[in-house]
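Structure assessment
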Amino acid sequence: MVRRYPHTAVITVETGHIEQGEYVQDGFREERIQGCYTPNGSVTVRETSDGDEVPVHGEFFTLCPHIIGATRIRIDRVSLDAQIIGWESYQTHSVIYV
């Protein structure tokens, strides 16, 4: 039987706090999530939360809900280490765009 979510990804999450009205970065932590990475055959353009248009080279489907502060994704099995462009949450799953 084919495994639906065969990849393990390491998500880098930026941690910090607000001090006197300014954001102060404390450091980074890593979280492991299960999912399925699919590279795009052609480059797709998506709009970021800032309104910028950026090329998307692949998608990572997971059952994990959106992690606030996630900045990078690393999947050793497919030699991927990329910045997270967007993370869309749906009712049954979520998609990370890289």
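It should be emphasised that the depicted structure is a prediction, and the values quoted were computed from it without experimental measurement. (Residues numbered from 1 in each chain as written. Predicted model: local features only at pLDDT ≥ 70, side-chain atom pairs only at ≥ 80, totals over all residues. Heavy atoms only, no water.)

**Concerning the side chain of His 7**
The residue His 7 is located in strand E1 (residues 7-19) in this model. Note on His 7: relative accessible area 10%, which makes it buried. Within the structure, His 7 has its side chain in polar contact with the backbone nitrogen of Tyr 37 (distance 3.0 Å). Once residues within four sequence positions are removed from consideration, His 7 is found in contact with Ile 33, Gln 34, Gly 35, Cys 36, Tyr 37, Phe 60, Ile 75, Arg 77 and Val 78. (Helix = DSSP H or I, 4+ residues; strand = E, 2+ residues; numbered from the N terminus. Buried < 20%, exposed > 50% of the residue type's maximum accessible area, 1.4 Å probe, protein only. Polar contact = N/O pair within 3.5 Å; in protein donor to acceptor, adjacent residues only side chain to side chain. Contact = heavy atoms within 4.5 Å.)

**Observations regarding the sheet that holds strand E7 (residues 94-97)**
Ordered by their spatial adjacency, seven strands build an open sheet running E5-E4-E1-E2-E3-E7-E6, and the pairing between neighbours is antiparallel. Bordering the open sheet on either side are strand E5 (80-83) and strand E6 (86-89), each of which pairs with just one other strand. In this sheet, adjacent strand axes meet at a mean angle of 35 degrees when their direction is disregarded. Judged from the four bridges that link them, E6 and E7 form a sheet pairing that is antiparallel. Directly across from Ser 89, in E7, lies its bridge partner Ser 94. (Pairing = 2+ DSSP bridges. Axes fitted to C-alpha atoms, helices over the stretch in contact; angles between N-to-C directions.)

**Section: the side chain of Thr 12**
Structurally, the position occupied by Thr 12 is in strand E1. Excluding residues within four positions of it along the chain, Thr 12 makes contact with Phe 28, Arg 29, Glu 30, Gly 69, Ala 70, Thr 71 and Arg 72.

**Things to note about a negative patch on the surface**
A cluster of like negative charges, contributed by Glu 47, Asp 50, Asp 52 and Glu 53, occupies part of the molecular surface. Here Glu 53 is to be found in strand E3 (residues 53-62). (Patch = residues over 30% accessible without salt bridge, like charges linked within 9 Å, V, L, I, M, F, W, Y side chains within 5 Å. Areas by Shrake-Rupley, 256 points an atom, 1.4 Å probe, with all protein chains shown as cover. Salt bridge = Lys/Arg side-chain N within 4 Å of Asp/Glu carboxyl O. Lys, Arg positive; Asp, Glu negative; His and termini not counted. Charge placed at Lys NZ, Arg CZ, Asp CG, Glu CD.)

**Quick notes on the confidence of the model for the protein chain**
Mean pLDDT over the protein chain: 87, with 94% of residues reaching 70 or higher. Confidence scores differ between elements of the protein chain, with strand E2 (residues 22-47) showing the lowest mean pLDDT of 87 and strand E4 (residues 70-75) the highest of 94. (pLDDT = per-residue confidence, 0-100.)

**Describing the pairing of E2**
Note that E1 and E2 share 13 bridges and pair antiparallel. Looking at the pairing, Thr 8 lines up with Gln 34 of E2. Between E1 and the antiparallel strand that follows it, E2, lie two residues; Gln 20 among them carries a positive phi value of about 55 degrees. Sheet topology note: the E2/E3 ladder contains nine bridges and is antiparallel.

**Concerning the pairing of E1**
Where E1 lies against E4, four bridges are found, and the strand directions are antiparallel. Paired with Val 13 across the two strands is Ala 70, which belongs to E4.

**Examining the state of the cysteines**
For the structure shown, the criterion picks out zero disulfides. Unpaired in terms of disulfides, Cys 36 finds its nearest cysteine sulfur in Cys 64, a separation of 15 Å. Overall, Cys 36 belongs to the buried group, its relative accessible area being 18%. The exposure class assigned to Cys 64 is buried, which follows from its relative accessible area of 18%. (Disulfide = S-S within 2.5 Å.)

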